[in-house]
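A look at the structure
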Amino acid sequence: MDRLEAFKSIAAQASRGELTFPTNVDATLKLQRALNDPDCHAEVAARLVQSEPLLAARTVAIANSVAYNRSGNEITNVRNAVQRVGFRTLNALAAAVIVRQLDSKITQPALRAKADQLWKHSAHVAALSQVIAKRVAHLDPETALFAGIVHEVGGFYLLSRVEEFPGLLDGDPEEWVEYGEVQIGRCVLQKLNVPAAVMQAIEGLWAGMRALPPETLGDTLLLANDLSPIASPLHERAGATSMQSASTIDFVIGEGTLNSILEESAEEVKTLTAALL
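Quick look at the structure, then. (Residues numbered from 1 in each chain as written. Predicted model: local features only at pLDDT ≥ 70, side-chain atom pairs only at ≥ 80, totals over all residues. Heavy atoms only, no water.)

Digging into the overall build of the chain
A tally of helices and strands in the chain yields 15 helices and two strands. Compactness check: the chain gives a C-alpha radius of gyration of 18 Å against a globular reference of 19 Å for 277 residues, within 12% of the reference. Dimensions of the chain, computed from the C-alpha atoms along their principal axes, are close to 55 × 45 × 35 Å. A buried classification covers 54% of the 277 residues belonging to the chain. A sequence separation of at least 24 residues applies to 71% of the contacts in the chain between residues at least 6 apart. When the 24 positive and 33 negative side-chain charges of the chain are each reduced to one mean point, those points stand 6 Å apart. (Helix = DSSP H or I, 4+ residues; strand = E, 2+ residues; numbered from the N terminus. Rg over C-alpha atoms; globule rule 2.2 N^0.38 Å. Buried < 20%, exposed > 50% of the residue type's maximum accessible area, 1.4 Å probe, protein only. Contact = heavy atoms within 4.5 Å. Lys, Arg positive; Asp, Glu negative; His and termini not counted. Charge placed at Lys NZ, Arg CZ, Asp CG, Glu CD.)

Observations concerning unusual backbone geometry
P213 follows L212 through a cis peptide bond whose omega is -5 degrees. Its place among the elements puts P213 in the loop between helix 11 (196-207) and helix 12 (217-227). With phi around 55 degrees, H138 is a residue other than glycine that occupies positive phi space. Looking at where H138 falls in the secondary structure, it is placed in the loop between helix 7 (109-137) and helix 8 (141-150). Residue class for H138 comes out exposed when judged on its relative accessible area of 62%. Backbone geometry places N193, a non-glycine residue, at a positive phi of 55 degrees. Along the chain, N193 turns up in the loop between helix 10 (173-191) and helix 11. Of the residues examined, N193 reaches a relative accessible area of 53% and is grouped as exposed.

Thoughts on helix 12
Most of helix 12 is tucked away: eleven of the eleven residues are buried. Looking only at helix 12, the buried set comprises L217, G218, D219, T220, L221, L222, L223, A224, N225, D226 and L227. With a side-chain oxygen lying 3.3 Å from the backbone nitrogen of G218, the N-terminal cap of helix 12 falls on T216. (Polar contact = N/O pair within 3.5 Å; in protein donor to acceptor, adjacent residues only side chain to side chain.)

Structural notes on the pattern of salt bridges
By the definition in use, this model includes twelve salt bridges. The salt bridge partner of D103 is R112, with a shortest N-O separation of 3.3 Å. With a relative accessible area of 3%, D103 lands in the buried category. Linking E164 and R161 is a salt bridge whose minimum nitrogen-to-oxygen distance equals 2.8 Å. Through salt bridges that share partners, R100, D103, R112 and D116 make up one connected network. (Salt bridge = Lys/Arg side-chain N within 4 Å of Asp/Glu carboxyl O.)

Considering the packing of helix 6 (residues 87-102) against helix 7
Each pair of packed helices can be described by the angle between their axes along with the distance between the axes. At a closest axis distance of 10 Å, the pairing of helix 6 and helix 7 adopts a crossing angle of 165 degrees. Overall, the two elements helix 6 and helix 7 adopt an arrangement that is roughly antiparallel. In this structure, helix 6 crosses over helix 7, and the sense of that crossing is right-handed. Every residue of helix 7 that contacts helix 6 at A96, V99 and R100 is listed here: R112, A115, D116 and W119. Its residues assigned to classes, the contact of helix 6 with helix 7 shows four nonpolar, no polar and three charged. (Axes fitted to C-alpha atoms, helices over the stretch in contact; angles between N-to-C directions. Parallel < 35°, antiparallel > 145°, perpendicular 65-115°, else oblique. Left-handed = near helix turned anticlockwise from the far one by under 90°. Nonpolar A, V, L, I, M, F, W, Y, C, P; charged D, E, K, R; others polar.)

This is how it looks when you write it as structure tokens:
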């Protein structure tokens, strides 16, 4: 089977809902649905989070990041961390665990390196998206954090299938964009019950169109993606901003500029990124 046929085969499976996930993803999806239940109380949420060690560790780490711990009072347990970060951030963190679980069966060193780089990229984009949404675009920062976490989930899914389809990541980037990024990515996002507003923002990222200063969640995500110091190891979209060009992006926001806001928020971005890694 050649590369294009492999893409089409995986895309067809995905469109039918036949997604091959590790067993631990299903467990985390159930946990995520429970956390999204409006009748789920903080005590129940804390017990659910404690049942997933990686989620528990990330929740405490995020609660102690600069973005959530303005007072400097360190939290050392899941119950207090859940109360500090809130359910919407918990949903984003559960998504982060799911994304990482997708690559858990990758064994080839070269593919593992790609998966690790892709997660570092995603973590930086998520942290930058939250800050840009809050300080620049004046959008909901928790939704932006979530969008940054899941924006490359299709790439993680494909990396998890490469050992079945050697050469899947080689060749024409247009095949990657059409089948990998869009068709397969859309199906994986739907499987994860990603909200329509976040889906629309990610599709805006795929299209590569944005306004500066950012006005929408899609603009915010695309700007964060360009500003990330860690690039995606997968095929770049046509017209993507180079790392060198991204360093020159600046514009006036109120009485400041994008660069001055990013400098002021550097510690916040740094601690958020570290908590996700």
